Amino acid sequence: MNQVKSDADALDGSAPDSHLIIQGLSKSYDGHKVIDALSLQVQKGEFVSLLGPSGCGKTTTLRTIAGFIELDEGQIHLNNLRIDQMPTHLRGTTMVFQNYALFPHMTVEENIGFGLRMQKISPPLINQSVRDVLELVKLRDFSQRYPKQLSGGQQQRVALARALVVKPQLLLLDEPLSNLDAKLRKELRAEFQRIHQNSGATTLFVTHDLEEAFSISDKVAVMNNGCIEQYGRPQDIYTNPATKFVAEFVGHTNLFEGSVILHDGKACIEWNGQTLTIGNLAQPAEKLTVVLPNHRLRLAINSDGFDSSISAKVIARSYLGSATHYQLLCGDVKMQSTIPSDGSDLIFQPGDMVMACWNSRELLKISA
Amino acid sequence: MGKLASYLLSAPVFLFIGVLFLLPVGLLVWSSFFHVEGPHAGSFTLDVYIKFFDDPYNISMVWRTAKLSAITTLVSLVLAFPVALHLRQMGPRMRSLITLMLISPLLTSVVVRTLSWVILLGPKGVINSALLSLNLSPVSLIYNDWGVVIGLTHVFFGYMALSLMTTISKIDDNLLLAASNLGASRWVILKEIIIPMSLPGILAGCVLVFGMSASTYATPALLGGTSSKLMATEIYDLTVNYLEFREAAAVALLLFIGVATISFLFNRWLEHGRGKVVFQ
């Protein structure tokens, strides 16, 4: 939460450089706050994801920026222009919809040229721009097809082309990959990345898929209950989750929560009947949650070479190819361990008693 | 259940339709192509058809039928389109209430419904009494083409609205948002997105209303004038008043061919032409 606050503070003073500035955005439906005083800044050319579970307000935020939904409070500035009271087409934002929303009665070419035609651009210029963008999305040979004659992935690329061709100040992507199968998603994700690098369009991408957000974005804003819980680079969010929600949402399962005490001169927390060394993460008496990434938790017969360990029982094992995933029970707390397949590791069976080991310097502290 | 059993179970319906409908209609159509009596009895002839097209009165009757049906179709379309657009934005309760209102003329007996128009539009009806009491000259809204169009539109408007509703309410909201996001005004959205996308509904509604208007009997008989006839009233006259069954059958077949051609063309467009690419 601290991080969000400092972002918001900076707004009032000294951040005129940001391309998109959202300040104190709120929206309620029937007294229920869907977006709650949300603030966010995006630099020109950045690819930013709004990541969160369904119902967290990410799509509403996107639609409010696009002008499809009126906001209750707050301001939106884009390219030094206040846009939150403008009609949608004057805002300089274009949207790519989850269901593509292509005009079924128009060809690919007509779909893509629609925005330019609305801007009364001359037909030869429209044709040139449409050709260029078709080249960019690699659909040059499909210009005369109707949307029904294209695959889902192709339709989504047409939708992207239609939004890009008008050179928007901000490109809004509303879960554009979620209607596609897993393989196509990965392909199209890489494609989106390439297209973003080529076009340089500032992009706001809404998704509930962690891998998608992390792999494609410069920055990720993790949303929950209409608020941004954390905003930062994917690696910072993973290694330094701001809240318990973020830690769990980005896939951390081993969370230790307790008050800091001094034990043998070292800072420790009491957790689940164990005293765990936490290195120099905190001062005594502080209440603290620390996270141990799954891949840092190793399984062994004895704890040689590690400074922390607890005994645990293997309750499930799943082999994933590049790694093996174990579910453990320590007392009555569940933990998870992901062991990379490097050929030398012991294989444990469900029911085995093992030592779950780690080094305390690998623990991550949750800021709030 | 075997094939035989399913045939047996549907046999009564086939018998009913076959014996009571297809057979007599088939015989009638058959009779229009053959001499029934006289020296050439039983031989093929197109005499009733030739006679029909030789008479300019008949040509003008066909033309008048087509014209009044087309006007009714057009008026229904223009009236129903805004209703269907409006229904799109309504909640399900309001929508079913209005749907009920739209089909209410169909739930009334045709005679009651038509005679009500006489009370309203007739020379001594409500409208003309009001005009007279205001010292304005009366208008003749009945026993002429106006009366037929008003009466037909009243009944068939509901079909048109329902037909439009089914396609218009299927249009994805995101399409309209996408269009307005890209700079389309409300008018452009209507012209370039909603109307083209409602084309199957528009055409289906037009085929339906045109076909029913051209073949309906009671409304033009009661609200139309005696001076000029429509094909449906002509068929009735030929059969009941003149006992000219062969002529009546010829007119009926021509009417059927006209209406069937229109719906055939529509189906072709929807299933094989551009309609298939876009809408199926």
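Rules used in this analysis
Every chain's residues receive numbers from 1 upward, in the order its sequence appears when written. Written order determines the labels here, with chains lettered from A and ligands numbered from 1. Residue-level local features of this predicted model are given only where pLDDT is at least 70; pairs of side-chain atoms are given and counted only at 80 or more, and the full residue set underlies all totals for whole chains, interfaces and linings. In computing side-chain values, all of the structure's heavy atoms are included and hydrogens and water are not. Only DSSP runs of H or I reaching four residues or more are called helices, and only runs of E reaching two or more are called strands; each is numbered from the N terminus. Between two residues, a contact is recorded if the distance between any of their heavy atoms is within 4.5 Å. Residues adjacent in sequence count toward polar contacts only when both atoms are side-chain atoms; beyond that, a polar contact is any pair of N or O atoms within 3.5 Å, and within protein one must be able to donate a hydrogen and the other to accept it. Any two strands are treated as partners once DSSP identifies two or more bridges connecting them. The axes used here are C-alpha line fits, helices contributing only the stretch in contact, and every angle between their N-to-C directions lies in the interval 0 to 180 degrees. Take the accessible area each of two parts loses on contact, using a 1.4 Å probe, and add the two losses: that sum is the buried area. Salt bridge criterion: a side-chain nitrogen from Lys or Arg within 4 Å of a carboxyl oxygen from Asp or Glu. Planes of paired rings set the category: under 30 degrees apart is stacked, over 60 is edge-to-face and the rest tilted, where pairs are Phe, Tyr or Trp rings (Trp by its six-membered ring) whose centres lie within 6.5 Å. Note on criteria: charge over ring means Lys NZ or Arg CZ within 6 Å of the ring centre, with the direction from the centre no more than 35 degrees off the ring normal. The rule is simple: take the accessible area with a 1.4 Å probe, protein chains only, and divide by the maximum for that residue type; under 20% is buried, over 50% is exposed, in between is partly exposed. Where each domain begins and ends is defined by an automated method or by a domain database. Any two cysteine sulfur atoms within 2.5 Å of one another count as a disulfide. What a helix is expected to span follows from its residue count: subtract one and scale by 1.5 Å. Note: the arc covers the axis-to-C-beta directions of the helix. If an angle is under 35 degrees, it is roughly parallel; if it is over 145, roughly antiparallel; if it lies from 65 to 115, roughly perpendicular; otherwise it is oblique. Should the near helix be turned anticlockwise from the far one by less than a right angle, the crossing is termed left-handed; should it be turned clockwise, right-handed. Put simply, Ala, Val, Leu, Ile, Met, Phe, Trp, Tyr, Cys and Pro go in the nonpolar bin, Asp, Glu, Lys and Arg in the charged bin, and everything else, Gly too, in the polar bin.

Colleague: When you look at the environment of A:Ser18 in this model, what are you seeing that I'm missing?
Modeller: Residues and elements named next belong to chain A. When you line up the elements, Ser 18 lands in the loop between α1 (2-13) and β1 (20-29). Linking Ser 18 and Lys 44, residues 26 residues apart in sequence, is a C-alpha distance of 6.7 Å. Contacts of Ser 18, omitting those with residues within four sequence positions, involve Gln 41, Val 42 and Gln 43. Among the polar contacts listed, one links the side chain of Ser 18 to the side chain of Gln 41, at a separation of 2.4 Å. There is a polar contact of 3.0 Å between the side chain of Ser 18 and the side chain of Gln 43.

Colleague: What is the right way to look at the sheet that holds strand β17 (residues 323-330) of chain A in this model?
Modeller: The strands making up a sheet associate through hydrogen bonds between their backbones, and the pairing can be parallel or antiparallel. All names here are of chain A. Taken together, five strands build an open sheet; the order of strands is β15-β19-β16-β17-β18 and the sheet is antiparallel. With one partner strand each, in any of the chains shown, β15 (298-300) and β18 (333-340) form the two edges of the open sheet. Averaged over all pairs of adjacent strands, the angle between their axes in this sheet comes to 45°, without regard to strand direction. In this sheet, strand β19 (residues 353-358) lies alongside strand β16 (residues 308-319) in antiparallel orientation, the contact comprising six bridges. Along β19, the bridge assignment pairs Ser 308 with Trp 358.

Colleague: Is there a simple way to think about the interface of chain A and chain B in this case?
Modeller: Size of an interface, as often reported, equals the accessible area lost when the parts are brought together. On the side of chain B, 21 residues touch chain A, which itself brings 25 residues to the contact. When chain A packs against chain B, the two sides together hide about 2,000 Å² of surface, and 62% of this comes from carbon and sulfur. The largest share of the area that chain A buries against chain B comes from A:His105, A:Met118 and A:Lys148, three residues that together contribute 26% of it. Counting the contacts that link chain A with chain B gives one salt bridge.

Colleague: Just to check I follow, could you spell out the environment of B:Cys206 for this structure?
Modeller: Position of B:Cys206 among the secondary structure elements: in helix α10 (residues 199-215). Leaving out residues up to four positions away in the same chain, B:Cys206 has contacts with B:Thr73, B:Leu77, B:Met160 and B:Gly211.

Colleague: I would appreciate a short explanation of the packing of aromatic side chains in the present structure.
Modeller: Given two aromatic rings, one states the distance between the centres and the angle between the planes to describe the pair. The tally for this structure, following the rule as stated, stands at 14 aromatic pairs over all chains. Taking 5.7 Å as the distance between ring centres and 80° as the angle between the ring planes, the aromatic pair formed by B:Phe34 and B:Phe44 counts as edge-to-face. Of this pair, B:Phe34 sits in the loop between α1 (3-32) and α2 (47-54) while B:Phe44 sits in the loop between α1 and α2; the two residues are ten residues apart in sequence, bridging distant segments of the chain. Each member of the aromatic cluster is reached from another via a ring pair, and the members are B:Trp30, B:Phe33, B:Phe34, B:Phe44 and B:Tyr49. Sitting over the ring of A:Phe103, A:Arg162 keeps its end group 4.7 Å from the ring centre.

Colleague: Looking at this structure, I do not really get helix α3 (residues 108-118) of chain A. What am I missing?
Modeller: Since there are 3.6 residues in each turn of an α-helix, residues three or four apart along the chain are aligned in direction. Within α3(A), eight of the eleven residues are buried, which leaves the element mostly enclosed by the surrounding structure. Taken together, the buried positions of α3(A) are A:Val108, A:Asn111, A:Ile112, A:Gly113, A:Phe114, A:Gly115, A:Leu116 and A:Met118. The inward-facing, buried residues of α3(A) abut α4 (123-136) and α5 (152-164) of chain A together with α8 (173-181) and α9 (186-197) of chain B. Positive phi appears at A:Lys120, one or two residues downstream of α3(A), with a value of about 60°.

Colleague: I'm lost on unusual backbone geometry in this one. Help?
Modeller: Negative phi values dominate among residues other than glycine, just as trans dominates among peptide bonds. With phi around 60°, A:Lys138 is a residue other than glycine that occupies positive phi space. Its location among the elements puts A:Lys138 in the loop between α4 and α5. Positioned with a positive phi, B:Asn135 is a non-glycine residue whose angle comes to about 60°. Looking at the element boundaries, B:Asn135 is found in the loop between α6 (126-133) and α7 (145-168).

Colleague: Would you take a moment to explain the domain arrangement of chain B for this structure?
Modeller: All names here are of chain B. For chain B, the assigned domains read domain 1 (1-45) and domain 2 (50-279). Taking the mean C-alpha position of each, domain 1 and domain 2 sit 31 Å from one another. With nine residues of domain 1 at the interface, the matching set in domain 2 holds five residues. Counting the surface lost from both domain 1 and domain 2, the interface buries some 510 Å², and carbon and sulfur atoms represent 70% of this. When the buried area of domain 1 at its contact with domain 2 is split by residue, Leu 28, Val 29 and Ser 32 rank highest and sum to 65% of it. Connecting domain 1 to domain 2 are zero salt bridges.

Colleague: It is not clear to me how the state of the cysteines should be interpreted in this structure. Could you clarify?
Modeller: By definition, a disulfide is the covalent link that joins the sulfur atoms of two cysteine residues. Residues and elements named next belong to chain A. Scanning the model with the defined rule gives zero disulfides over all chains in all. In this model Cys 56 remains outside any disulfide bridge; the closest cysteine sulfur is found in Cys 227, 10 Å from its own. For Cys 56, a relative accessible area of 1% corresponds to the buried category. Cysteine Cys 330 is unpaired, with the sulfur of Cys 357 as its nearest cysteine sulfur at 11 Å.

Colleague: Explanation requested: the side chain of A:Thr60 in the structure shown.
Modeller: On the secondary structure map, A:Thr60 appears in helix α2 (residues 58-66). Its relative accessible area of 15% is what places A:Thr60 among the buried residues.

Colleague: Looking at this structure, I do not really get α4(A). What am I missing?
Modeller: Residue and element names in this part refer to chain A. For α4, built from 14 residues, the straight-helix expectation of 20 Å at 1.5 Å per residue is met to within 8% by its first-to-last C-alpha distance of 20 Å. Within α4, the full set of buried residues consists of Ile 126, Val 130, Val 133, Leu 134 and Leu 136. On an axial view of α4, the arc spanned by its buried residues comes to 150°, and they lie on one face. Structural note: α4 exposes Pro 124 and Leu 125 on the side pointing more than 90 degrees away from its buried face. Turning to α4, the residues buried within the fold contact α3, α5 and α6 (182-199). Lys 138 sits one or two positions beyond α4 and adopts a positive phi of about 60°.

Colleague: Explain the packing of helix α3 (residues 56-88) of chain B against α7(B) to me, please; I cannot follow it from the model alone.
Modeller: Residues and elements named next belong to chain B. Two numbers describe how α3 lies on α7: the axes approach to 6 Å, and their chain directions differ by 45°. Taken together, the axes of α3 and α7 are oblique relative to one another. Crossing of α3 over α7 shows right-handed handedness. Partitioned by chemical class, the residues of the contact of α3 with α7 number 21 nonpolar, four polar and four charged.

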